[in-house]
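Close look at the chain arrangement
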Amino acid sequence: MLIDARASVQFGGDRALWLRVTSVCDKPTYHGWVWLTGYSIDLATGKALARREVFAQIAGLQIQQHTTDSAPPLKNSAPTARRFGV
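Residues numbered from 1 in each chain as written. Predicted model: local features only at pLDDT ≥ 70, side-chain atom pairs only at ≥ 80, totals over all residues. Heavy atoms only, no water.

Considerations on the nonpolar core
- Within the largest apolar cluster, 12 residues are counted, these being Met 1, Ile 3, Ala 7, Phe 11, Leu 17, Leu 19, Val 34, Leu 36, Val 54, Ala 56, Ile 58 and Leu 61.
- Counting residues per element, the ones that place at least two in this core are strand E2 (17–24), strand E3 (33–41) and strand E4 (48–57). (Core = buried A, V, L, I, M, F, W, Y, C linked by side-chain atoms within 4.5 Å. Buried < 20%, exposed > 50% of the residue type's maximum accessible area, 1.4 Å probe, protein only. Helix = DSSP H or I, 4+ residues; strand = E, 2+ residues; numbered from the N terminus.)

Remarks on the pattern of salt bridges
- The full count for this structure, using the stated rule, is 2 salt bridges.
- Between Asp 4 and Arg 6 there is a salt bridge, with the nearest N and O atoms lying 2.8 Å from each other.
- The salt bridge partner of Arg 51 is Glu 53, with a shortest N-O separation of 3.8 Å. We note that Arg 51, like Glu 53, is exposed. (Salt bridge = Lys/Arg side-chain N within 4 Å of Asp/Glu carboxyl O.)

What about the sheet that holds E3?
- Strand order in the open sheet formed by 4 strands is E1-E2-E3-E4, and the pairing between neighbours is antiparallel. Each of the sheet's edge strands pairs with one partner strand only, and the pair in question is strand E1 (2–3) and E4.
- Strand direction decides the pairing type here: E3 and E4, joined by 9 bridges, are antiparallel. Bridge assignment links Trp 35 to a residue of E4, and that residue is Phe 55. (Pairing = 2+ DSSP bridges.)

Notes on the pairing of E2
- Two strands pair when backbone bridges link them, and E1 and E2 are joined in this way by 2 bridges, in the antiparallel orientation. By the bridge assignment for E2, Ile 3 is matched with Leu 17.
- Pairing analysis gives 5 bridges linking E2 to E3, with the strands arranged antiparallel. Across the sheet, the residue bridging to Val 21 is Gly 38, located in E3.

This is the structure:
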């Protein structure tokens, strides 16, 4: 998932990050916002760098498939569905 300024101002410009989401917090928060837990991804290798927890606007989250030339496609991956009203 690409997280940039559309999801939160703290991720604007060169602070945008790719996040491999591992969980979505189910605790109530501000309407339209969500806590995500996952790993920031190195775009060059596709490998996880660090565990992160981010607070972002659901409407600004960009679910995208990122592939690298060196990494083979994932065979056990299921299609990703965007959830609304989390």
